[in-house]
Amino acid sequence: MNWFDKIIPPKINPALRLRKRKGVPEGLWTNCTECQTMLYVSDLIKSLQVCPKCNSHMQIRAKERIERFLDPESIVWMGEHLMPVDHLKFKDQKRYKDRLAEAQKSTHSSEALRVAIGELNGTPVTVSAFEFDFMGGSMGSVVGQRFVLAAQASLERMQPLVCFASSGGARMQEGLYSLMQMSKTTAVLARLAKERIPYISVLTNPTMGGVSASLAMLGDLIIAEPNALIGFAGPRVIEQTVRASLPEGFQRSEFLLQHGAIDMIVDRRNMRREIANFLIKLGFGERDSQQTPSHFNNE
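These remarks concern the structure in this document. (Residues numbered from 1 in each chain as written. Predicted model: local features only at pLDDT ≥ 70, side-chain atom pairs only at ≥ 80, totals over all residues. Heavy atoms only, no water.)

**Considerations on the sheet that holds strand β4 (residues 113-120)**
Rules: For two strands to be treated as a pair, DSSP must find no fewer than two bridges joining them. Working definition: helices are DSSP H or I runs of at least four residues, strands are E runs of at least two. Numbering for both runs from the N terminus. Contacts are residue-level and defined by heavy atoms, with any inter-residue pair within 4.5 Å sufficient. Between N-to-C directions, angles cover 0 to 180 degrees, with each direction set by a line fitted to C-alpha atoms, over the stretch in contact for helices.
The strand order across the open sheet formed by seven strands is β3-β4-β5-β6-β7-β8-β9, and the pairing between neighbours is mixed. Sheet topology places β3 (76-78) and β9 (264-265) at the edges, where each strand pairs with a single neighbour. Across four bridges, the pairing between strand β7 (residues 199-207) and strand β8 (residues 221-224) is parallel. Bridging from a neighbouring strand, L203 pairs with A224 of β8. The strands that helix α6 (residues 141-157) touches are β3, β4, β5 (123-130), β6 (161-167) and β7; relative to β4, the one it contacts most, it runs at about 20°.

**Considerations on the pattern of salt bridges**
For the record, the criterion: Here a salt bridge means any side-chain nitrogen of Lys or Arg lying within 4 Å of a carboxyl oxygen belonging to Asp or Glu.
Under the criterion given, the structure shown has 16 salt bridges. Put simply, E64 and R68 hold a salt bridge, and the shortest N to O gap is 3.9 Å. Here R68 and E64 lie together in helix α4 (residues 62-69), a separation of four residues that amounts to about one turn. Across the pair E111 and R171 runs a salt bridge, and its minimum N-O distance is 2.9 Å.

**Topic: the packing of aromatic side chains**
For clarity, the cut-off: Each Phe, Tyr or Trp ring (for Trp, its six-membered ring) is paired with any other whose centre lies within 6.5 Å, and the angle between the two planes then decides the class: stacked below 30 degrees, edge-to-face above 60, tilted in between. Burial classes follow relative accessibility: with a 1.4 Å probe on protein chains only, a residue under 20% of its type's maximum area counts as buried, one over 50% as exposed, and anything between as partly exposed. Any Lys NZ or Arg CZ that is within 6 Å of a ring centre and within 35 degrees of that ring's normal is treated as a charge sitting over the ring.
Applying the stated criterion across every chain, the model contains four aromatic pairs. With 4.3 Å between their ring centres and 25° between their planes, W29 and Y40 make a pair best called stacked. Remark: Y40 occurs in strand β2 (residues 38-40) and W29 occurs in strand β1 (residues 29-31); sequence separation between them is 11 residues. On the basis of relative accessibility, which here comes to 33%, the residue W29 falls in the partly exposed class. According to the relative accessible area criterion, Y40 is partly exposed, its value standing at 41%. Geometrically, the ring pair formed by F69 and F164 is edge-to-face, given 5.2 Å between the ring centres and 80° between the ring planes. Remark: F164 occurs in strand β6 and F69 occurs in helix α4; sequence separation between them is 95 residues. Given the relative accessible area of 4%, F69 is considered buried. One cation-aromatic arrangement involves R114 over W77; the distance from NZ or CZ to the ring centre is 4.6 Å.

Pasting the structure below:
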């Protein structure tokens, strides 16, 4: 039952009476997290979790993002055999092992990063996407290794790498193992750059901490979704540190674009088309799969 049904008594709520009388199932409606408009869940799925009223880009599951981004029937999942391990036997209010189990059960994902190879309008690409609902999309050792696996697949196949970032940063429960992933992912991206293989980084809300300080901001093309929060430390932390008020819209996509930190802002519903067009301009959309495009020759 949604909030609207809860606040209106059943005697004057025709929708609830109809549901009880005709057996209308729950879960048909949801609310926009920004404007609180009531929306059909089916319509929201079709619009990739973008509110048609206020254009708010809500959270979308990594699996759904990849499946809607790549061509149907072309997806091959990678790295699913890599599973997180509690090396440090970490415990705060809960054991790290228990937190992992809860996250895996609630998200139906084994880790905070999903990786796949497939085609985008017929162009071979490798895609990775963060699952924010899995412990805030935090980057632990398995997340770093899966990203490296995706980059290695792009190196072996000489095909572009696209990453959809959504993370709160490094995973504190893994300590230095987590922080090491910053240099690990940066190193493999340097190998991609050396081979002239394009890396497209898409920043979604939020992209913070160690992820923003490493793989997220190293794209040959850096795209952001509208109004995404992007940065290292959060606005409140910065204000408390510098003891000054921040500009309006600070660390949002539009602010970063205005100050040259990102290349462009793209609506999620147009992301597939825009990235496909960009790859065609680089020569990847029409190239022979065994050859490097002339745009990326060392000459």
